[in-house]
Amino acid sequence: MMSPCPKTLFAKIWDAHRIVDIDSETALIAIDRALLHERTGSIALKSLAQSGRSVLDPRQVFTTMDHIVDTRPGRTDWTPMPGGDAFIKATRDAARVAGITLYDLHDPAQGIVHVLSPERGIVLPGLTLVCPDSHTGTQGALGALAWGIGSTEAEHALATGTLRVRRPRTMRITVTGHPGVGVTAKDLALAVVGRLGAGGAMGHVVEYTGDAITALEVEARLTLCNMATELSAFSAIIAPDAHSVAWLAGRPHAPTGAMWDQAVAQWRNLTSDAGAQFDREVVFDAADVAPCVTWGISPQQVVPIDGRVPDLAHSPHDDAQSHARALSYMDLTPGMPLAGLTIDAAFIGSCTNGRLSDLRRAAALLRGRRIAPGVRAIC
């Protein structure tokens, strides 16, 4: 009897959710969870209602206010975006009519959609999850297949619990060794983008693996998977392990009791089999990665923080036009050291680095200091 063909983690989740093959490259995939936010959620929900359709399973749909809301304490529906309050009100009204879970402005759990979902246990290993947001792959850090979609696709997923999806290729990025002092998951992500380019994973699901990855805590894994978007990846994923189980235990939407034990037992099988074939393999040594900073207008324009602005010959993913445009926009010249360059603004709290551990790290650096004159800082 022939042994079964070894499968990647992605293939296991894909096959478990494949309803029917439409053609050799496309399948109808079951969608477990859908996330919405006020920037696009109202569009999908309003269009769905106008078509006379309803949300198939409101229990599996969650929405939050996060993209265009005012960031100041005591906020209201007012937003700096012209007409933004209409998006907020429309999403609120549509979510209530549809009967889906809404994390409104003053809900203690309200937050960035890719932060809220892991914190609430909405995303779980082995699930398929979609959201009208390009950084939805963030949540692959917990072993789910999560990807960004458009409003029209969101409407289809809400109404049918399915999506027509072209099967992506697979890429395994193995990160070995131990990172040096000051090197974070953001640095690992930037190093990957710098080496592969901003289009380096286009059309692929990236699976991160290796000693350096398994050593990361969940919040760091979320940062790493978040930035697969900057590689143009379909999504990113990390096999669930003890870190993932500990993170999810007791979360509001995580299983409980016997269902929890059953789920954990299933999650242990969510790993790529030995001998599984990937379309592309890339290996990094974490010891070779330094703290990084982008000098230009693309995430692939990255160098170590003690480096210098490169010339075109040392910018392998730039063409002459894009390189010149970046230098002009940033008012830099090749050879300039990055250390000592002045900044105009600092923003803390993006979906890449907006988790509690990130805010604590920033607070520790700021303690006892003040923002420099002429610099605008927002958290």
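Scroll up to find the structure this text is about.
Residues numbered from 1 in each chain as written. Predicted model: local features only at pLDDT ≥ 70, side-chain atom pairs only at ≥ 80, totals over all residues. Heavy atoms only, no water.

Draft legend 1. Seen up close, the nonpolar core. Grouped together as the largest cluster of nonpolar side chains are 92 residues, with contacts concentrated most on Leu158, Ile173 and Tyr208. What Tyr208 contacts, discounting residues up to four positions off in sequence, is Ile173, Val192, Ile213, Leu224, Leu231, Ala236, Ile237 and Ile238. By size, the runner-up hydrophobic cluster in this structure holds seven residues, among which are Trp295, Val309, Ala326 and Leu332. (Core = buried A, V, L, I, M, F, W, Y, C linked by side-chain atoms within 4.5 Å. Buried < 20%, exposed > 50% of the residue type's maximum accessible area, 1.4 Å probe, protein only. Contact = heavy atoms within 4.5 Å.)

Draft legend 2. Looking closely at unusual backbone geometry. Despite not being glycine, Ser232 has its phi angle at roughly 65°, a positive value. Checked against the element boundaries, Ser232 lands in the loop between helix H8 (218–226) and strand S11 (235–237). Look at Asp331: it is not a glycine, yet its phi comes out positive at around 60°. Note on placement: Asp331 falls in the loop between helix H11 (320–330) and strand S15 (345–347). (Helix = DSSP H or I, 4+ residues; strand = E, 2+ residues; numbered from the N terminus.)

Draft legend 3. Layout of the environment of Ser357. The residue Ser357 is located in helix H12 (residues 356–366) in this model. On the basis of relative accessibility, which here comes to 35%, the residue Ser357 falls in the partly exposed class. Along the sequence, Ser357 and Ala220 sit 137 residues apart, while their C-alpha atoms lie 9.0 Å from each other. A distance of 2.2 Å separates the side chain of Ser357 from the side chain of Glu219, its partner in a polar contact. (Polar contact = N/O pair within 3.5 Å; in protein donor to acceptor, adjacent residues only side chain to side chain.)

Draft legend 4. Geometry of the sheet that holds strand S12 (residues 280–285). Taken in spatial order, the four strands of this open sheet run S11-S10-S9-S12, and their pairing is parallel. Both edges of this open sheet fall to S11 and S12, since each of them pairs with a single strand only. On average, each strand axis in the sheet is tilted by 20° relative to the strand beside it, whichever way the strands run. Summarising the sheet, strand S9 (residues 169–176) and S12 pair through six bridges and their orientation is parallel. Bridging from a neighbouring strand, Arg172 pairs with Glu281 of S12. (Pairing = 2+ DSSP bridges. Axes fitted to C-alpha atoms, helices over the stretch in contact; angles between N-to-C directions.)

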